[in-house]
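What follows is each chain in one-letter form.
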Amino acid sequence: MEFVGQIVSGAFGEILARQKSGEELEIGELLACDEPNGIQLLQVYDLEYGSQIQPETIELMSGLRLEGKGEKTSFFEEELRHYVLAKVKGLVTVRGGKAVSTKTLPKFFNGLRRIRDADLSFLDKPEKPLFLGRLRSGSKAIDKRIELDGEKVLSHHVLVPATTGRGKSNLVKVMLYELLDKDYCGVLVMDPHNEYHKSLKKHAKAGEWLKSYSPNPEGGQVSLRVNYAALKPWHFNGVMPFSEAQQQTLHLAYKTWEKDWITRLLAGDSLGDKVQDVTLNVLQRKLGLILDGRVFVKNGSETIVDDVTGHLLDSKKVVIDTSRLGSEAELLVASVFTNALFNRRKAAQTDKPVVSIVLEEAPRVLSEAAGANVFSSIAREGRKFGVGLIAITQLASLIPREVLANLNTKIILGNEMKQEREALIASASQDLSTDDKAIAALDKGEAIVSSVFSRFAVPISIPLFEEHASAAAASAPARKAFV
Ligand SMILES: Nc1ncnc2c1ncn2[C@@H]1O[C@H](COP(=O)(O)OP(=O)(O)OP(=O)(O)O)[C@@H](O)[C@H]1O
Ligand SMILES: [Mg+2]
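What counts and what doesn't
Residues numbered from 1 in each chain as written. Chains lettered and ligands numbered in written order. Predicted model: local features only at pLDDT ≥ 70, side-chain atom pairs only at ≥ 80, totals over all residues. Heavy atoms only, no water. Patch = residues over 30% accessible without salt bridge, like charges linked within 9 Å, V, L, I, M, F, W, Y side chains within 5 Å. Areas by Shrake-Rupley, 256 points an atom, 1.4 Å probe, with all protein chains shown as cover. Salt bridge = Lys/Arg side-chain N within 4 Å of Asp/Glu carboxyl O. Helix = DSSP H or I, 4+ residues; strand = E, 2+ residues; numbered from the N terminus. Axes fitted to C-alpha atoms, helices over the stretch in contact; angles between N-to-C directions. Parallel < 35°, antiparallel > 145°, perpendicular 65-115°, else oblique. Contact = heavy atoms within 4.5 Å. Nonpolar A, V, L, I, M, F, W, Y, C, P; charged D, E, K, R; others polar. Buried < 20%, exposed > 50% of the residue type's maximum accessible area, 1.4 Å probe, protein only. Lys, Arg positive; Asp, Glu negative; His and termini not counted.

Some thoughts on a nonpolar patch on the surface
There is a patch of nonpolar side chains on the surface, built from Leu395, Leu398 and Met417 and spanning about 240 Å² of accessible area. The topology assignment puts Leu395 in the loop between β18 (387–393) and α14 (401–406).

Right under this line is the structure:
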């Protein structure tokens, strides 16, 4: 048996194994330990030196070498006396081809080997797959597709946290590309950098499954125009802060003028003595700032909200190009569509197909400061109605803990900020307390998936979108994957 290490001491979750000389174990590496009734899969989470020689002797020897008084001095049987100790933890136990939680220690002094294809036969393809990447051992990708149950994962929300440039958008593009022609889910994508539409239109079935809206429509895109009459006072929640008096005025205007409320407010019409002029003026100015004339219009485009929600309930992938809009106008558009969708869903007797909403810089609406809004309601109770979020962020720590805990799948990419890693580890579905270093060391495209729908925190390697799309276009191989 080709052992790379041997268990020498430790405790549950912190087993110490000696590395075989000539082998090089990596942080994050997956190892296997054969047991009489199955296989334990383990993962290296830390490495340190071990030695049989007293530290004073080692220091003296290095002094002799460094000071030129014995360059040739060496230890007798060096590879036996000095070694690397790997700290490993059990990830999952495979018994009769099924994955079960690890609850025992592997046999003392047992050998550890690298994982083989046959160890991973328990990773099978769910009926409604959501592809995330390939299994990763340390920095090596293994040719095993990692797919979770998409219906469950999407309705229970996904968080994609990472420092800038670590591959959040790339991951979401890969996920959406694979989801594009799946009829079990609709996706609304707010696209502030006009990157998702450019990428997804490369899909062979984009003509049928992708719907794209833009203020400046090009080839196949639909004009993004929202009629004032589609706006409701509560659509502004989480989008722009209003004082108590301003809030009340918005509601009074809506009650008084109904679908003309925005037009009349902008025109400076009076609401009677109950509202001070100064309040009206401030509101007029704030609304003027947010209601970008390229998108929000007094006349026309009465059906866009029904059209978009209809597409979503029809499992289409709808991308909204907001690249030329301000952050607030983008959020308002998202809020209008999401409110309409959520209301239709609440009124309907079904939670299928699941609809997911992709939002960049999600703390804009999910942080404490954003207050209650449709997105935070979805984070709390969307799953009951089959509506979920894919929340992308550099700053997960701004999202309150109870909301973070509700985002049941976290695809954690590299992050050098300790505070961010702490927030993620504290809210993960598996115990990631020993993975702080591994998360800090994740390279572009490497991630750890912590999900209530997975037996263990799965290390994955995400393909570069461009390569993935060309490979997918070139072939449609038989695939195996994972529950
Ligand atoms: N899986 C990957 N494999 C190889 N390279 C990658 C991968 N993911 C991302 N990259 C590289 O990193 C660059 C940045 O990736 P991406 O735009 O996805 O990062 P991001 O996290 O979305 O950044 P931002 O916070 O700026 O939005 C990409 O242009 C690509 O070159
Ligand atoms: Mg990005």
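As for the packing of helix α11 (residues 327–347) against helix α13 (residues 374–381)
Axis separation between α11 and α13 bottoms out at 10 Å; the angle between their running directions is 40°. With respect to α13, the axis of α11 lies oblique. Here Ala334, Ser335, Thr338, Asn339, Phe342 and Lys346 of α11 lie close against α13, whose contacting residues are Val374, Phe375, Ser377, Ile378 and Glu381. Broken down by class, the residue content of the contact of α11 with α13 amounts to five nonpolar, four polar and two charged.

Notes on the side chain of Arg345
If you trace the backbone, Arg345 turns up in helix α11. Buried charge without a salt bridge: Arg345, with Asp351 as the nearest opposite-charge side chain at an N-O distance of 6.3 Å. Once residues lying within four places of it in the same chain are set aside, the contact partners of Arg345 are Leu313, Thr350, Asp351, Lys352, Pro353, Val355, Phe385, Gly386 and Val387.

Remarks on unusual backbone geometry
That bond from Lys352 to Pro353 is cis: its omega, -5°, falls within 30 degrees of zero. Here Glu258, not a glycine, exhibits a phi torsion of approximately 45°, which is positive. Structurally, the position occupied by Glu258 is in the loop between α7 (244–257) and α8 (261–267). Its identity as a non-glycine residue notwithstanding, Ser315 has a phi of 65°, on the positive side. Structurally, Ser315 is set in the loop between α10 (304–313) and β16 (317–321). Under the relative-accessibility criterion, Ser315 is labelled buried at 5%.

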